[in-house]
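For reference, the chains in residue letters:
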Amino acid sequence: MEKVKSAEGLDFVIAGAPFDTASSFRSGSRFGPNAIRNISVMMKPNNVLQQVNIMEELKGGDIGDFNIVPGYIHPTYKFIEEGVSEIVEKGAIPIVLGGDHSITLAELRAVAKKHGPVALVHFDSHSDLCDEVFGEKYNHGTPFRRALEEGLIDPAHSIQIGMRGSLYDPNEHKIAADLGMLLVPGHRVHEMGLPAIIKMIKERVGDKPCFLTFDIDFVDPAYAPGTGTPEVGGFTSYETLTILRNLTELNYVGFDIVEVLPAYDSGEITAYLAANIVFEYLSILAVKKRNF
């Protein structure tokens, strides 16, 4: 991907947010952005299934990493928000490589300044709606609780997909409903099948400005072992890409992929899947631009 210094005149800008201080189990996702970039040399520009060449249809590039302050979440939030704001104000779509999931709060602050409360499409094995984790309000398990409190998300048009695993609070999934969110746990997605969940996402979001956030632990650790808080019973690489490929109609204003942890990866398969997820998202943008 071409290196760029500004988002001026671009359709998208890729940026890294190498911050993992808010991780609650394994740290090391700060090295995720570089791992995704390094393996992305394997990617070619043509998406055969979507019949689109992302480099011919889109103008964009990689602006590098945002400044972060290891160990200090609020100064890091400030830098990420400023960086995403510069991209959004130029009319480009930010594509942020994490980092742990706490970074999404800063991105949503920037995106909401321009678009107002956004519809959140959240792929994950955890809801990240905790009020506190280890007594702290800002953690990778709390970003969407804070985002709702700050009015950054429109809960009536937001959906969380794939949650599973053991919980501290047995009512955690019910909390999502109490907050106005629609949460579809992993076992329910398996029962429904892919066409049904794709239809549900489209109906829930409608034409609202939409931010897609993808935690790599949505995917089963058999396919994506390199992550900080793995949960079994997830989704295959093929299922994941199939869902994404069928969400071309949404009105996207931002995207991130988080929680890739290279130290626990095997043969770079997690980083490569993450690169492919970014590729599918870019393909969606290319299809939308071509058809506009």
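So, how was this worked out
Along each chain, residue indices are assigned from 1 in the same order as the chain's sequence is written. Predicted model: local features are reported for residues with pLDDT of at least 70 only, side-chain atom pairs are reported and counted for 80 or more only, and whole-chain, interface and lining totals are derived from all residues. Think of the side-chain values as coming from all heavy atoms in the structure, minus any hydrogens and water. Each axis is a line fitted through C-alpha atoms, taken for helices only over the stretch in contact, and angles between the N-to-C directions span 0 to 180 degrees. Helix numbering and strand numbering both begin at the N terminus, where a helix is a DSSP run of H or I of at least 4 residues and a strand a DSSP run of E of at least 2. Here a crossing is taken to be left-handed if its near helix is turned anticlockwise relative to the far helix by less than a right angle, and right-handed if that turn runs clockwise. By definition, residues are in contact when any of their heavy atoms lie within 4.5 Å. In this classification, Asp, Glu, Lys and Arg are treated as charged, Ala, Val, Leu, Ile, Met, Phe, Trp, Tyr, Cys and Pro as nonpolar, and every other residue, Gly included, as polar. Orientation is classified from the angle alone, with under 35 degrees giving roughly parallel, over 145 giving roughly antiparallel, 65 to 115 giving roughly perpendicular, and any other angle giving oblique. At least two DSSP bridges between two strands are needed for those strands to be called paired. By definition here, a salt bridge exists when the distance from a side-chain nitrogen of Lys or Arg to a carboxyl oxygen of Asp or Glu is within 4 Å. Each residue is assigned to one of three classes by its accessible area relative to the maximum for its type, calculated with a 1.4 Å probe on protein chains only: buried under 20%, partly exposed between the two thresholds, exposed over 50%. We define a polar contact as two N or O atoms separated by no more than 3.5 Å, with the added condition that, inside protein, one atom must be a possible hydrogen donor and the other a possible acceptor, whereas residues neighbouring each other in sequence contribute only through side-chain atom pairs.

**A closer look at the packing of helix H8 (residues 194-205) against helix H9 (residues 237-245)**
Helix packing for two helices is described by the angle between their axes and how far apart those axes are.
Argument step 1. Two elements in contact, H8 and H9, have axes whose closest approach is 10 Å; the angle formed by their N-to-C orientations is 35°. H8 and H9 meet at a crossing whose hand is right-handed. Seen from H8, the contacting residues are Leu194, Ile197, Ile198 and Ile201; seen from H9, they are Glu239, Thr242 and Ile243.
Argument step 2. Of the residues that constitute the contact of H8 with H9, the class distribution is five nonpolar, one polar and one charged.

**Overview of the packing of helix H1 (residues 32-39) against helix H10 (residues 269-291)**
Argument step 1. For the pair H1 and H10, the least separation of the axes is 8 Å and the interaxial angle reads 75°. With respect to H10, the element H1 is oriented roughly perpendicular. Contacts from Ala35, Ile36 and Ile39 of H1 reach H10 at Ala271, Tyr272, Ala274 and Ala275.
Argument step 2. Partitioning the contact of H1 with H10 into residue classes produces seven nonpolar, no polar and no charged.

**A look at unusual backbone geometry**
Argument step 1. Here the residue pair Gly98 and Gly99 is connected by a cis peptide bond, since its omega of 15° sits within 30 degrees of zero.
Argument step 2. Structurally, the position occupied by Gly99 is in the loop between strand S5 (93-98) and helix H4 (103-115).
Argument step 3. Here Gln51, not a glycine, exhibits a phi torsion of approximately 55°, which is positive.
Argument step 4. A positive phi is found at Glu259, a non-glycine position, where the angle reads about 70°.
Argument step 5. Considering the arrangement of structural elements, one finds Glu259 in the loop between strand S10 (251-258) and H10.

**Focus on the sheet that holds strand S4 (residues 60-65)**
Argument step 1. What the eight strands build is an open sheet, ordered S4-S1-S5-S10-S9-S6-S7-S8; its pairing is parallel. What marks the edges here is a single partner per strand, and that holds for S4 and strand S8 (182-185). For this sheet, the mean inter-axis angle between neighbouring strands, taken without regard to orientation, is 15°.
Argument step 2. Relative to strand S9 (residues 209-215), strand S6 (residues 119-123) runs parallel, the two sharing five bridges. Bridge pairing links Ala119 to Cys210 in S9.

**A short note on the pattern of salt bridges**
Argument step 1. As enumerated under the stated definition, the model contains 17 salt bridges in all.
Argument step 2. Between Asp131 and Lys137 there is a salt bridge; the shortest N-O distance is 3.0 Å.
Argument step 3. As a salt-bridge pair, Arg146 and Glu149 come within 2.9 Å of each other at their nearest N and O atoms. Of the two residues, Arg146 and Glu149 are both situated in helix H5 (residues 143-149); the distance of three residues between them amounts to about one turn of the helix.
Argument step 4. The buried category is assigned to Arg146, whose relative accessible area is 2%.
Argument step 5. Here the residues in one salt-bridge network are Asp131, Lys137, Arg146 and Glu149, joined through shared partners.

**Here we look at the side chain of Asn139**
Argument step 1. Tracing the backbone through its elements, the reader meets Asn139 in the loop between S6 and H5.
Argument step 2. Its relative accessible area of 7% is what places Asn139 among the buried residues.
Argument step 3. Within polar-contact distance, the side chain of Asn139 engages the backbone oxygen of Ala22 at 3.2 Å.
Argument step 4. There is a polar contact of 2.7 Å between the side chain of Asn139 and the backbone nitrogen of Gly141.

**A short note on the environment of Ala17**
Argument step 1. Structurally, Ala17 can be placed in strand S1 (residues 12-17).
Argument step 2. With 208 residues separating them in the primary sequence, Ala17 and Pro225 have C-alpha atoms 21 Å apart.
Argument step 3. Contacts of Ala17, omitting those with residues within four sequence positions, involve Pro33, Phe66, Ile80, Val96, Leu97, Gly98, Gly99 and Ile103.

So yeah, pure geometry; function would need other evidence.
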